[in-house]
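Structural description and commentary
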Amino acid sequence: MSDKHLPPVLVTRRLAPGVTERLAPSCDVTLHDDVRPMERAALLAAVHGRAAVITTLDDVVDDEFLDAAGPSLRIVANHAVGTHNIDLAACAARGVPVSNTPGVLTAATADMAWALLLAATRRLGEGERLLRSGQPWAWAPTFLLGTELAGAPLGILGMGRIGQAVARRAAGFDMPVSYHNRSRLPAALEGDSRWLPLDELLAGSAVLVVTCPLSAGTRHLLDAGRLALLPAGAVVVSVTAGVVDELALAAALESGALSAAAVDNFEHEPAVPAELLAQERAVLAPHLGSATVRTRQAMGGLAVDNVLAVLAGGAPLTPVTAS
């Protein structure tokens, strides 16, 4: 039974075990207890009069959302690192702070990038599909030959927390690391990696890992023209959505320009282009980068901490502002 004396909070999706319960002592919580996102009409109705909303990446926060919420809204706490689902300028114009959940998913996502990379280069997806199909097979010296990583030049597009964690893991494979960011990292964070202009990075990367977040400036940054700069037989791994043009990636695999690719996030989830699904040398995962119990609990916990901090009269712990 709700307590109308407590600030009303909407949680738009079922979160990891134990997360939402932390709000109960000090908030009047309404939970959309489903793994699926709320329908738009239901979301707009449910947000009315809320003091705080914990959103997930499918919830579009725009002027319509903010109008529906009304002047009571004090924070939008996004259960994600990225905020491409949120109109940050519109929130700022109304004085509604926005928070995200950075840092806590770094290790899990970097591990996922390496899992995808190993699966793609060693053709694990193809091998498993073959076995499950029941088709006859036999070991042979030329059977499902993959690519070794030891010593291969690794390029990282986006050297934030996740990119740096990917780079640290590369040391175990003796892979020289180059990266591209809008600006070069301080020497203390750069380590043994080196900054390169984007086109130069692509031209020298046998393996490219894409971790930079989606923004107006990075959408389809890796289009057909840029993918063509990679060396013949290169491998592309993406743990972010929209930065790699998925149709161009499929075409590069189809032509043989790329030897393999792996993608964890998609631009129009849950849809995946048929052209990409048709590529045997593509490893495709359903957005599993942060999908560990510990990480999802940490993400949910940070979203809750942001809500509680603002409702107690403070500032968000991890605020996001329009650039």
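First things first, this report covers the structure right here in the doc. Treat the numbers as computed from the prediction; the structure is a model and nothing was measured. (Residues numbered from 1 in each chain as written. Predicted model: local features only at pLDDT ≥ 70, side-chain atom pairs only at ≥ 80, totals over all residues. Heavy atoms only, no water.)

1. Details of the environment of leucine 145
So the rule is basically this: For the purposes of this entry, the term helix denotes a DSSP run of H or I that reaches at least four residues, the term strand denotes a run of E that reaches at least two, and both are numbered from the N terminus.
The topology assignment puts leucine 145 in the loop between helix 5 (124–133) and strand 6 (154–157). In this structure the C-alpha to C-alpha distance between leucine 145 and proline 231, which are 86 residues apart in sequence, comes to 19 Å.

2. A closer look at the sheet that holds strand 10 (residues 234–238)
Using the following cut-off: By definition, two strands form a pair when at least two bridges between them are found by DSSP. Contacts were defined at the residue level, with two residues in contact if any of their heavy atoms lie within 4.5 Å. Throughout, an axis means a line fitted to C-alpha atoms (over the contacting stretch in the case of helices), and angles, computed between N-to-C directions, take values from 0 to 180 degrees.
Strands sit in the order 8-7-6-9-10-11-12 across an open sheet of seven strands; the sheet is parallel. Bordering the open sheet on either side are strand 8 (194–195) and strand 12 (282–284), each of which pairs with just one other strand. Note: strand 6 against strand 7 (residues 177–180), four bridges, orientation parallel. Bridging from a neighbouring strand, leucine 157 pairs with histidine 180 of strand 7. Here helix 6 (residues 161–170) sits on the sheet in contact with strand 6, strand 7 and strand 9 (207–210), set at roughly 170 degrees to strand 6. In the packing of helix 10 (residues 246–255) onto the sheet, contacts are made with strand 10, strand 11 (258–263) and strand 12, and the angle to strand 11 comes to roughly 145 degrees.

3. Describing the packing of aromatic side chains
Heads up, the condition is: Paired rings are identified among Phe, Tyr and Trp, the last through its six-membered ring, by centres lying within 6.5 Å, and are further divided according to the angle between planes into stacked (under 30 degrees), edge-to-face (over 60) and tilted (the rest). Accessible area is worked out with a 1.4 Å probe on protein chains only. A residue is then buried under 20% of its type maximum, exposed over 50%, and partly exposed in between.
One pass over the full model with this rule turns up two aromatic pairs. Ring centres 4.7 Å apart and planes at 10 degrees place the aromatic pair tryptophan 114 and phenylalanine 173 in the stacked group. Of the two residues, tryptophan 114 is situated in helix 4 (residues 106–121) and phenylalanine 173 in the loop between helix 6 and strand 7; the sequence distance between them amounts to 59 residues. Its relative accessible area of 28% is what places phenylalanine 173 among the partly exposed residues. The interplanar angle of 15 degrees and the centroid separation of 5.9 Å between the aromatic rings of tryptophan 137 and phenylalanine 143 together place this pair among those described as stacked.

4. Thoughts on the nonpolar core
What counts is decided by this rule: Here, nonpolar core means buried Ala, Val, Leu, Ile, Met, Phe, Trp, Tyr and Cys residues that are tied together by side-chain atoms lying within 4.5 Å of each other.
Counting 33 residues, the largest nonpolar core has Trp114, Leu116, Leu154, Ile156, Val166, Met175 and Val207 as its most contacted members. Elements supplying a minimum of two residues to this core: helix 4, strand 6, helix 6, strand 7, strand 9, strand 10 and strand 11. Once residues within four sequence positions are removed from consideration, isoleucine 156 is found in contact with Gly163, Val166, Ala167, Val177, Ser178, Tyr179, His180, Leu201, Leu208, Val209 and Thr211. Of all hydrophobic cores here, the second largest spans 27 residues; its members include Leu208, Ala250, Leu253 and Ala282.

5. Quick look at the pattern of salt bridges
Filter applied, for reference: Criterion for a salt bridge: a side-chain nitrogen of Lys or Arg within 4 Å of a carboxyl oxygen of Asp or Glu.
Scanning the model with the defined rule gives 16 salt bridges in all. Among the ionic pairs, arginine 132 bridges to glutamate 128, the shortest N-O distance being 3.0 Å. With arginine 132 and glutamate 128 both in helix 5 and four residues apart, the pair spans about one turn of that helix. The structure contains a network of salt bridges with shared partners spanning Arg40, Asp62 and Glu64.

6. A few points about the pairing of strand 9
Burial along strand 9 is two-sided: Val207 and Val209 and Leu208 and Val210, pointing in opposite directions, are all buried. Two strands pair when backbone bridges link them, and strand 9 and strand 10 are joined in this way by four bridges, in the parallel orientation. Counted as the bridge partner of valine 209 is valine 237 from strand 10.

7. Re the sheet that holds strand 3 (residues 52–55)
In spatial order, the strands read 2-1-3-4-5-13; together these six strands make up an open sheet with mixed pairing. Edge positions in the sheet fall to strand 2 (28–31) and strand 13 (319–320), since each has one partner strand and no second. One ladder, built from two bridges, connects strand 4 (residues 75–78) with strand 5 (residues 98–99); its direction is parallel. By the bridge assignment for strand 5, valine 76 is matched with valine 98.

8. Re the pairing of strand 7
Rules: With the strands pointing away from the viewer, any crossover whose connection runs clockwise from the first strand over the helix to the second is right-handed.
Here strand 7 shows no split at all, with Val177 and Tyr179 on one side and Ser178 and His180 on the other all buried. In this fold, the crossover linking strand 6 to strand 7 by way of helix 6 has right-handed handedness. Bridging between strand 7 and strand 8 involves two bridges; their strand directions are parallel. If you follow serine 178 over to strand 8, its bridge partner there is arginine 194.

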